[in-house]
Amino acid sequence: MSNSWHDFRQKAATAPKKIVLADGEDARVIKAAALAQSLGIAIPVLVGSASKISPIWQQFAPAGQEPNCIDASIMSTVAKAEYSDALKTIRKFKELTSEEIQENLKDSLVLGCLTLKMGRVEGFIGGASRTTADTLRAVFSIIGLAPRGQTLFGFFLVETQGTAASRPLVILADCAVIPEPSPKQLAQIALGSAAAYEMFFEEKARVAFLSFSTEGSAEHTSVLKIRDAIALARAKAPQIEISGEWQADAALDMTAAKLKGVGMNPMAGQANVLIMPDLNCGNISYKLVQRLGGCRAVGPVLWGTAQPANDLSRGCSTEDIIEMISLTALQAQHMPTLTASAGKGDH
């Protein structure tokens, strides 16, 4: 299989899924949703006012196609009661008054997540105009974790340098959720990222745990934590190719790997899943490769949720949103398989 954004769009279009976008009044989101529908990638549902959405939508959607909108302020009495009853079943909202329930339904993140929870759509995307913290709170409280899921994390798909026709993608994790992961959490992030890579690309994952040390070139408590995580990951999933601790250049460049004494490793310079030691490294790294390296980085894709639910960087472009719609649709296509794997503890 080739390894490109175009492939994601093509695969998503084989079985388009209904995806709700919480930032439905954001011009970038409206344009992306209209284009995604035109391309047959997904069936978008926008949270927001149709009167605000339609003028932008009509610029990009095929003639005669109207946007599918959810607006809490104009819901029918029956629909409002259904959404209210559904929200009251969720632990965080059980003790709220009817007035407080109605106020929460005005929050586009809550309304979007609840629409997914109720089974009216098959995937959720938020975060274009809200912080990751806001998005994660809504996702965690309403959608929740996959069965037996122990670690929720977020990764970016990063476009590496290459020819114009083929720019391979790598996964960078965790870039969104856990500030200081424990060795056990790092191991789970690695195994979840490997599962995500193999689902999206249908190719074998090659996982590298990144550090400022390459296999003992430096000693520090943070390096020891990575080594512990590697041991846990290998014990849990011996079939997955895992290397580390490695510096980033050894993981991505054969010449650097040789110079650093790991050139004989079959994974030298060949890693496609990069595990960051902490959230500082992950978040800073993806922004640097975007702004200084000229690479595209789409995400964060959330992994370990009970249903497909993803975040967007507030700096995302329309193209980034289209790719996220494709990725969310692909997660929805594979959801039965992912749920079964999560139940076995693989994520």
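Residues numbered from 1 in each chain as written. Predicted model: local features only at pLDDT ≥ 70, side-chain atom pairs only at ≥ 80, totals over all residues. Heavy atoms only, no water.

**Observations concerning helix H1 (residues 5-13)**
For clarity, the threshold we go by: Exposed residues in this analysis have more than 50% of their type's maximum accessible area, buried residues have under 20%, and partly exposed residues fall in between, with area computed by a 1.4 Å probe over protein chains only. Numbering of helices and strands runs from the N terminus, with a helix taken as a DSSP run of H or I at least four residues long and a strand as a DSSP run of E at least two residues long. Any two residues whose heavy atoms approach within 4.5 Å are treated as being in contact.
Inspection of H1 places Trp5, Asp7, Phe8, Arg9, Lys11 and Ala12 among the buried residues, and these make up the whole buried set. Summarising the contacts, the buried residues of H1 are in contact with strand S5 (153-159), strand S6 (169-173), helix H8 (183-201), strand S10 (297-303) and helix H13 (318-333).

**Some words on the environment of Val207**
Tracing the backbone through its elements, the reader meets Val207 in strand S7 (residues 206-210). Here the alpha-carbon distance between Val207 and Ile171, two residues 36 residues apart in the chain, equals 9.3 Å. Contact partners of Val207, with chain neighbours within four places excluded, come to Ala190, Ala194, Ile240, Glu241, Ile242, Ser243, Met267, Val273 and Ile275.

**As for helix H6 (residues 108-117)**
Under the convention used in this document: In protein, a polar contact means a hydrogen-donor-capable atom and an acceptor-capable atom, both N or O and within 3.5 Å, with residues adjacent in sequence counting only if both atoms are side-chain atoms; elsewhere, any N or O pair within 3.5 Å suffices.
Counting buried residues along H6, nine of its ten residues qualify, which places the element largely inside the surrounding structure. Measuring from the side-chain oxygen of the N-cap residue of H6 to the backbone nitrogen of Leu109 gives 2.8 Å; that N-cap residue is Asp107. Positive backbone phi, at 80°, marks Gly119, one or two positions downstream of H6.

**Considerations on the nonpolar core**
As a reminder, the rule being used: Grouping buried Ala, Val, Leu, Ile, Met, Phe, Trp, Tyr and Cys residues that are joined through side-chain atoms within 4.5 Å yields what is termed a nonpolar core.
The biggest cluster of nonpolar side chains holds 61 residues, and the ones touching the most others in it are Phe8, Phe155, Phe200, Val207, Phe209 and Ile275. Looking at this core element by element, the count peaks at eleven residues for H8. Those residues in contact with Phe209 that lie beyond four places of it in its chain are Leu186, Ala190, Ile226, Ala229, Ile230, Ala233, Ile242, Ser243, Gly244, Glu245, Trp246 and Ile275. Membership of the second largest hydrophobic core comes to 31 residues, among which are Ala79, Leu111, Leu136 and Leu302.

**Observations regarding the sheet that holds strand S1 (residues 17-21)**
Here is the rule we go by: Two strands pair under a simple rule: DSSP has to find at least two bridges between them. Interaxial angle, 0 to 180 degrees, is taken between N-to-C directions of lines fitted to C-alpha atoms, where a helix line uses only the stretch in contact.
Reading across from one edge, S3-S2-S1-S4-S11 is the order of the five strands in this open sheet, with parallel pairing throughout. In the strand order of this sheet, the two ends are held by strand S3 (69-70) and strand S11 (309-311), each with one partner. Of the strand pairs in this sheet, S1 and strand S2 (residues 42-47) are connected by five bridges, and their pairing is parallel. Paired with Ile19 across the two strands is Pro44, which belongs to S2. Lying on the sheet, helix H2 (residues 27-38) is in contact with S1 and S2; it crosses S2 at an angle near 155°.

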